[in-house]
Amino acid sequence: MKKSLIYLSLVLLSISVKAQELYVFSEPASNMPANTFAPRMKAVIGKRENTSAFQRYNPELQLGLSKKFMLHGGVTFSNMMFENVQWEGAYLYGKYRFYSSDKLHQHFRMAAFGEIGYSRNEMMNDEVSARGDNTALDIGLIATQLKNKFAVSATTSYLKVLDKNLDEMHHETVDEAINYSLSAGYLVLPLEYTSYDQLNLNLYAEVLGQRTFGKKSYFIDVAPAIQFIFNSNSKLNVGYRFQVAGDALRGVEKSFLVSFEHTFFNAL
Amino acid sequence: MKTMMFALLMLVGLTSGAQFTKASLQASGLTCSMCSKAVKTALDKVSFVKQVQVDIKNQQYNISFKENEKVDIDALSKAVEDAGFSVASLVVTANFSEVTVNKDQHIKIGDAYFHFLNAASQQLKGEASFTIVDKSFVSEKQFKKYSALTKMQCVQTGRSAGCCTVDVPEQTRIYHAII
């Protein structure tokens, strides 16, 4: 099994395809263009034990304020703590690209990001996030390398939970965590670019993990995804995320993701 | 006074009546069509750009300029950089009435000053093209190679320095080019 996985990775590395870094579950170090905005709608549906399916809906607005700085702001609605889907929180995410080295068909970039999230949810799980689950602060670094038409991106961040009811509610709660991810993607279609109207089909594979301090719970997820890009400005993403290892108490361990995003270039 | 007059005459003599008509730009740091569209849209928005034709596969952008509009070459690299990428090469084309260019001489073409790093008493008449080799128009490696062609400091900053204030006012933008 391990051997075949390594072999598959080597094959993927050697295939001369154009890599993509418009990841579905994580962010690349590259920013969106300056003066550009993109609304996005995301839905996550997951199976839960003994209760109805988990649902989370996340409208978001992405803004490219300059070539180096971009902002995401969004709200989340879910049924994590409620019988029906309700508004649960809001967040603001900022990313600053501080290093960029471009060559023909290749680049290496690094960015720093910070996210602050507010959540109405009570703290119940070991899994923590600033996007819906908790009131939290998340700060981190991203490095993305595109070389010989293969791109890979790594992210690491420190998350501090700011929920007020942290101590009142539970004896053993999580208040700090380290997040990390490793992402790769490549373009399947078109085989050769001739126009902006061609449908682009990208495949992604991401590994997403979290380890908490104190309680030392952890999880590692694998998340494959497929992405369609229409008219070089609209993205439709479909992904599936599942846990491959971990002992953390989580709301959901397997989930589907669907998101749609339209980019308005140079519209600001 | 005489020197000033001479300098003035030199300046007039070195001002070429020329109009930039088009440019061919290659962008670096990207492969996908969505990124390319960001570059094209940014170039489309530049005030003096008439039309942009794109070869997505090779990241090549053929830009035509509006007639009788001031062409600001730096605005092209700014547009590409604002889209999130870099200029790998830029070749500009202008129509010349008649002008002779020499190595390390500063010459006004249209509204901007140019410094040719490799010209040898070359006469430009009619349509002529040259490559801009300032820092934000070539890769780091290429810049090293091209900037070694002259000993004048202005190549490092793209602005007139101690080396060339006789020809041009201090801190004036000077585009460095090879032909």
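Before reading further, recall that the structure is shown in the block above.
This section reports on the structure supplied with the text. Since the model is a prediction, treat every value here as computed from it, not as a measurement.

**Quick look at the overall build of chain B**
From N to C terminus, chain B includes five helices and nine strands. The burial tally for chain B puts 41% of its 179 residues in the buried class. Within chain B, counting contacts between residues at least 6 apart in sequence, those at least 24 apart form 63% of the total.

**A closer look at the overall build of chain A**
Tallying secondary structure elements over chain A gives two helices and 12 strands in all. When burial is assessed residue by residue, chain A has 40% of its 268 residues classed as buried. Intrachain contacts of chain A at a sequence separation of at least 6 include 57% that bridge at least 24 residues.

**A few points about the sheet that holds strand 2 (residues 54–64) of chain A**
Residues and elements named next belong to chain A. An order of 1-2-3-4-5-6-7-8-9-10-11-12 is seen for the 12 strands of this closed barrel, with the pairing classed as antiparallel. Recorded for the sheet is a direction-independent mean angle of 20° between the axes of neighbouring strands. Note: strand 2 against strand 3 (residues 69–78), seven bridges, orientation antiparallel. By the bridge assignment for strand 3, Glu60 is matched with Gly74.

**Let's talk about the nonpolar core**
Core analysis: the largest hydrophobic core is formed by 66 residues, its most contacted members being Ala27, Val39 and Val80 of chain B. The element best represented in this core is strand 5 (residues 86–101) of chain B, accounting for seven residues. Not counting the four nearest positions on each side in its chain, Ala27 of chain B is found in contact with Val39, Gln59, Tyr61, Val80, Phe85, Ser86, Val87 and Ala88 of chain B. Grouped together as the second largest cluster of nonpolar side chains are 13 residues, Ala29, Tyr91, Val174 and Ala177 of chain A included.

**A few points about the pairing of strand 1 (residues 36–46) of chain A**
Residue and element names in this part refer to chain A. As paired elements, strand 1 and strand 2 share 11 bridges and run antiparallel to each other. Bridge assignment links Arg40 to a residue of strand 2, and that residue is Glu60. The pairing of strand 1 with strand 12 (residues 254–262) spans seven bridges and is classified as antiparallel. By the bridge assignment for strand 12, Gly46 is matched with Ser255.

**Some remarks on the pairing of strand 9 (residues 200–212) of chain A**
Residues and elements named next belong to chain A. Direction of pairing for strand 8 (residues 176–189) relative to strand 9: antiparallel, over a ladder of 12 bridges. Considered in strand 9, the bridge of Ser181 is made with Leu208. Of the strand pairs in this sheet, strand 9 and strand 10 (residues 218–230) are connected by 12 bridges, and their pairing is antiparallel. When the bridges of strand 10 are listed, Asn202 appears paired with Gln227. In this structure, the hairpin formed by strand 9 and strand 10 is closed by a connection of five residues, where Gly214 is found at a positive phi of approximately 75°.

**Let's talk about the interface of chain A and chain B**
Accessible area lost on assembly of the parts is the figure often given for the size of an interface. Taken together, the contact between chain A and chain B spans 27 residues of the former and 21 residues of the latter. Of the residues contributing to the side of chain A that touches chain B, the split by class is 10 nonpolar, 11 polar and six charged.

Reading the values: the criteria
Residues numbered from 1 in each chain as written. Chains lettered and ligands numbered in written order. Predicted model: local features only at pLDDT ≥ 70, side-chain atom pairs only at ≥ 80, totals over all residues. Helix = DSSP H or I, 4+ residues; strand = E, 2+ residues; numbered from the N terminus. Buried ≥ 20, exposed ≤ 12 C-beta atoms within 10 Å, placed from the backbone. Contact = placed C-beta atoms within 7 Å. Pairing = 2+ DSSP bridges. Axes fitted to C-alpha atoms, helices over the stretch in contact; angles between N-to-C directions. Core = buried A, V, L, I, M, F, W, Y, C linked by C-beta atoms within 7 Å. Nonpolar A, V, L, I, M, F, W, Y, C, P; charged D, E, K, R; others polar.

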